[in-house]
Amino acid sequence: MVPRSGLAAVSAALLAMNRRLEVRDVLQTIVASARDLLDAEYAALGVPDDQGGFAQFVVAGVSEEEWKAIGPLPRQHGILAAMLHEATPQRLADVRKDPRFGGWPSAHPMMSDFLGMPIADGEQVLGALFLANKRCDPAPREQRRPASSERGCAFTEDDEELLRLLAQHAAIALTNARLYERSRELTIAEERTRIGHELHDAVAQKLFSLRLTAQAATALVDRDPARAKAELHEVARLSGEAADELRAAVIEMRPAALDEDGLVATLRTQAQVLDRAHSAQVDFECEGVRALPAAQEEALLRVAQEALHNALRHADASNVRVALTRRGSSVVLGVTDDGAGFDPGAVRSAGRHLGLVSMRDRASGVGGTLTVQSEPGKGTVVEMEVPGG
């Protein structure tokens, strides 16, 4: 049980967790709150990915220099795997003596007593929260000696119950933060669509004016050269405006997430957002793909977006799979759906036809190839292959 004197601290920690909106901020608040409330030397929280590692990993009590020396993020093995896969708490007097202990880098801080707790939303495990080296010295933190299991410092059953309470509220805070970020991503996607429609209308008007002005100049060139020259000046002005509007729209619609997170993380996030936003199931898989040149990553992302749009909006697919894999010395993007399908050789509808042309242009523009396999009633497979990676 939490002593009455500690209820204010617990309340403050829970409020702090739920005030944050960004996932990263929520993770850091959870870790800091758990470390302070349970008086531990170290605290960490790992959010698993779907490949046996961690998508995010936040620590407290480790300096930036120590963190860099530790090296790559841990994998989901040993005690971490027990918390994530079995969703069970782990309270150990000395983690080093546990048979599952192993694989810790030489630069990792020495840890003894250990308390770990899964963070779960129903049956879904969102992360693993763990603490190490309980502080038993009542002196101010800056004057304390390092924790030691030999001194009798260890996490108690009450500590475990308190961490369980924190983990339950952490699950709520983390779920809310993720929903907020996904909502924001959907808003950004809607804004990009709006910009695209406005761009289409504005450029279409400019091109229509260009066409009429050029026709007028052609008609006047023999009988009134001076007026024809003026009309040609107008053509130049209108074309300059159209170019400026196109340039501004391209800059505004550039995928910023690609620069910040890379292709794999951006595709995974978009698949998750579309999976939430549509009734169809949208999955993402990635195997053995490293970073690619910026132009190739943007082309792959744009082709994936176009193929996903076709599958979800036009093909009425129930299942869509996006895969990024290696094939020899190349990287292959595949978007597979079980939708209505079509005859690629007989496509005449403007939307689908222009979409396929655009995808092929993007692929060839970065030295890649695009193939489309589809039949009416048998779904569609879009593959884009680019060298390198």
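On a predicted model such as this, the values are computed, not experimentally measured, just so you know.

A. Representation of the sheet that holds strand β4 (residues 114-121) in the model. Pairing within the open sheet is antiparallel, and its five strands lie in the order β2-β1-β5-β4-β3. A single partner strand is all that each edge strand has here, and the edge strands are β2 (54-60) and β3 (90-92). Along the sheet, successive strands turn relative to each other by an average axial angle of 15 degrees, direction set aside. Here strand β1 (residues 40-48) runs beside β2; their pairing, made up of six bridges, is antiparallel. Looking at the pairing, A44 lines up with V59 of β2. Running at roughly 40 degrees to β2, helix α2 (residues 23-37) makes contact with β1, β2 and β5 (124-134) of the sheet.

B. Representation of the nonpolar core in the model. L263, L267, V320, L324, L333, L370 and M384 are the most contacted members of the largest nonpolar core, which totals 36 residues. Every element with two or more residues in this core is listed here: α7 (256-277), β6 (281-287), α8 (294-314), β7 (319-327), β8 (330-337), α9 (350-365), β9 (369-374) and β10 (380-387). Of the residues forming this core, the biggest block, nine residues, is contributed by α8. In this structure V320 touches Q281, V282, D283, L308, A311, L312, V335, T336 and D337, once residues within four positions along its chain are discounted. The next biggest cluster of nonpolar side chains, apart from the first, holds 33 residues, and it includes L14, I30, L163 and A170.

C. How the structure looks around helix α4 (residues 78-85). Burial runs high along α4: six of the eight residues are buried. For α4, every residue scored as buried is listed here: I79, L80, A81, A82, M83 and L84. Once α4 ends, the next one or two residues include A87, with phi positive near 55 degrees.

D. Spotlight on α8. With 21 residues, α8 extends 29 Å between its outermost C-alpha atoms, agreeing within 8% with the 30 Å of an ideal straight helix rising 1.5 Å per residue. Note on α8: the residue one or two positions beyond its end, D316, has a positive phi of about 55 degrees.

E. Spotlight on the packing of aromatic side chains. Inspection of every chain in the model, using the stated rule, returns three aromatic pairs. Ring centres of F57 and F130 lie 6.2 Å apart, and the angle between their planes is 50 degrees; this geometry places the pair in the tilted category. With F57 in strand β2 and F130 in strand β5, this pair connects stretches of sequence that are 73 residues apart. For the pair formed by F57 and F130, the shared burial category is buried. Measuring from centroid to centroid gives 5.6 Å for F114 and F130, while their planes differ by 25 degrees, and the two rings are stacked. Taken together, the positions of F114 in strand β4 and F130 in strand β5 put the pair 16 residues apart, joining distant regions of the chain. When its relative accessible area of 1% is taken as the criterion, F114 is described as buried.

Quick notes on the rules
Residues numbered from 1 in each chain as written. Predicted model: local features only at pLDDT ≥ 70, side-chain atom pairs only at ≥ 80, totals over all residues. Heavy atoms only, no water. Pairing = 2+ DSSP bridges. Helix = DSSP H or I, 4+ residues; strand = E, 2+ residues; numbered from the N terminus. Axes fitted to C-alpha atoms, helices over the stretch in contact; angles between N-to-C directions. Contact = heavy atoms within 4.5 Å. Core = buried A, V, L, I, M, F, W, Y, C linked by side-chain atoms within 4.5 Å. Buried < 20%, exposed > 50% of the residue type's maximum accessible area, 1.4 Å probe, protein only. Expected span 1.5 Å × (residues − 1). Phe/Tyr/Trp six-rings, centres within 6.5 Å; stacked < 30°, edge-to-face > 60°.

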